[in-house]
Each structure stands twice: as C-alpha cells, then as structure tokens.
Amino acid sequence: MSAPRPLRIAQVAPMIEPVPPTRAGGTERVVADLGHALAGLGHEVTLFAASDSTAALPRHGAHPSLSALIAQHGDVPPGVPGALEAGMLDDLRGRLDAFDIIHCHTEFAHAALLGPARKRSLTTLHWRADQLDRQLFFQQFPDLPVAAISARQARDVPASNLAGVVHHGLDSARFTLAGAPGRELVFIGRMTDQKRPDRAIEIARLSHRPLKLAGGIDPGNPDYFRRAIEQHLGPTISHLGALDEMAKNRLFDDAAALLFPIDWPEPFGLVVIEAMGRGVPVIAWPNGAVPELVEHGITGFIVQSEAEAADAVAACGQLDRHVIRERFLQRFTAERMARDYLTIYQRLIRNAGR
C-alpha cells in the first residue's frame, strides 16, 4: 500500500509582524513553528505573510509587516493593517486551487474571500471568542471550520464552527533546561490590567524577591502603567520593556518562577509553555486556559491570591525542573501541534470530497 501523498498546505498569517516575529508576536511565532513542523513531517507548506518574514518556507506576500512600516514611517493611518491584509488575501484568492487545505490565522476577511473553499479551510482563533465581533462573525459564517487553542476558548465557539481544539506548541530546539534557579521572579506580558503586573509586584513584595517585568506598555491602556506600575519601579523591581525572543529566553536563565497573574479569560498564554520549555515553574491564576496548561504541584502552582502566590514562590524550589521540561516535551512541542492539526486537516479534506 503506497504512502499517502503530502498535503499542500497554505498557512495564512497576520500582517502585523514578520513570521517569525522579531519581538512580540505570539501568533506569528506559532505560525512559523507550525509551518516548519508540518514541512518536517513531509508536507508542502506555503506561507502567506509579510515580505520581511524570514521563515524557511516558500512565501507569498509583497508588502512588509505593520511593525516594519511603523519603524520606517512612525505613526501610520489606522487603515494600514486592513490594507496590508487585503493585499495578501487577494494574492491568496488567485491560488486557492493550489492547496488541499488553507489554514488561516487572520481575523475576519478571509472567510468572505474563501467562498466555497471554506469547506477545506481551517481558521485558528488567537484571541478570545466570547466578544460581540467574534459572535457576529460566527453567525455570518456557520460553515467556517474553526480550531480553538484551548478548551476554555472552545466553550465560546458554536458547535457548527468548532472543528477541534489544538493547544499551541513550540520548536523544542529553542529551549534548553535553565541553570540553577536564582531568587528572581519574572513577569512577561503587556503592561495592562488584563495581565496584572501589579499583582506580580505585590507577590514580589510579599516574598521579598526581586522582580523583572518584561513587556511593552499597552497602547490601548497607557494610563495603567503610569497609575499602577511606574511608582513601584526601583532597585528590586525593574521594567525591561518589550524583549526579543533571545532576550526573553535569557530572562529565564536564573528565574525562580514565572508569574502569570492574569485577570481575563486568556485563550492560551504562550509564555507559560515557554517557561516550561526552560524548566521554570509557573505561578498562575486559574483564568482562561491556565488549568489546561499548568499542572498544579508538578509544573507550577495555580493560586487565588497574592498571599497564596507568595507561598507558592517559596514552594517552587521543591519542584523538579527536569520534570517540568519533560512535561513540555510531552505536551507542547511544535511537532505535537502539527500532528494534531493534520488530524483535523485530513478530516476536513475527506468531508469536503463527499
């Protein structure tokens, strides 16, 4: 019996950052690692993405990313992201028949463009699914297959759309076991009330530990940083701003724990598995996908208050960092993610052929 032929897969990325991103850009990082993993499994992957992308995959896309345009021009008109995506999707429109499956990581417009090809497409949601814009989207396109990135997010996706749940994965080659832990606590995320760096500051105070905050100031909520964070900065609490992947990885080198004190239904939380990839325990609130990612007492602790989190900091030394990394290798690699998506792709292709 002959082996099944490789699938011809289009991966359609947002135009906000290059693929992979040079700084923040979780979606673009996932797209890059997924594309490379699928190619490594023998499939033909074509990337639709910004022209400044460096992923080692065949690519279409004539325009640079929004971040590159901002670096070049400063502020840009608010319609620029839509114009960039329209150009990329027009390029995709003329090539739909070249692919067995079209996997979109974009927001809305691709659903209208795909038309009859929706039945052999998959859309991964990289944001919360419970808000009005997504609900209107689902109502308009009940035949659009959607992959959720957590079971928590899937609860807000209509059954007519939901094609499966696939947790993110990352290229394990980028992550090695960190050295012996120091005393430092780490927080990585946007400086916004959804991510709650103010809680991280209080945990550091209660546990008498230094804290490094990494992440840009949320442009949609800049007052939060001035009001809740800035006054606490000093010798033991520092704000490093947004970091590229190499600098972020270095931040884990001697970290005692990653603090993930979120106050919103986070659909996944990529930094959680990045920490696990280095063997660093995670202390997190039980919001969003956290209970699906953090194994309490094994890869970290799930807590309900700053006082509980401070106690968890003290207990982190009892966790085996080799075990934490091993759980990452078992659950959150890019190859596992690719195989999960392939299962969905093949089912969609079979159904489209009926």
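Criteria and cut-off values
- Residues numbered from 1 in each chain as written.
- Predicted model: local features only at pLDDT ≥ 70, side-chain atom pairs only at ≥ 80, totals over all residues.
- Heavy atoms only, no water.
- Axes fitted to C-alpha atoms, helices over the stretch in contact; angles between N-to-C directions.
- Helix = DSSP H or I, 4+ residues; strand = E, 2+ residues; numbered from the N terminus.
- Parallel < 35°, antiparallel > 145°, perpendicular 65-115°, else oblique.
- Left-handed = near helix turned anticlockwise from the far one by under 90°.
- Contact = heavy atoms within 4.5 Å.
- Nonpolar A, V, L, I, M, F, W, Y, C, P; charged D, E, K, R; others polar.
- Phe/Tyr/Trp six-rings, centres within 6.5 Å; stacked < 30°, edge-to-face > 60°.
- Pairing = 2+ DSSP bridges.

Direction vectors running N to C along helix α7 (residues 197-207) and helix α8 (residues 222-229) enclose 20°, while the axes themselves pass 10 Å from each other. Here α8 runs roughly parallel to α7, going by the angle between their axes. Between α7 and α8 lies a crossing of right-handed hand. In contact with P197, D198 and I201 of α7, α8 contributes Y224, A228 and I229. For the contact of α7 with α8, the per-class residue count stands at five nonpolar, no polar and one charged.

Turning our eyes to something else, we now look at the packing of aromatic side chains. Applying the stated criterion across every chain yields a total of eight aromatic pairs. Between the aromatic rings of F48 and F99, the centroid separation amounts to 5.8 Å while the plane-to-plane angle is 80°, which identifies the pairing as edge-to-face. Taken together, the residues F48 in strand β2 (residues 44-48) and F99 in the loop between α3 (80-93) and β4 (101-104) connect sequence positions 51 residues apart. Cluster of aromatic residues (ring-pair linked, three or more members): F108, F137, F138 and F141.

So, about the sheet that holds strand β8 (residues 184-188). Strand order across the open sheet formed by six strands is β10-β9-β8-β11-β12-β13, with parallel pairing between neighbours. The outermost strands of the open sheet, each flanked by one partner alone, are β10 (237-239) and β13 (300-302). With direction set aside, neighbouring strand axes in the sheet form an average angle of 20°. In this sheet, strand β12 (residues 282-284) lies alongside strand β11 (residues 255-260) in parallel orientation, the contact comprising three bridges. Within β12, the position partnered with L259 by the bridge is I283.

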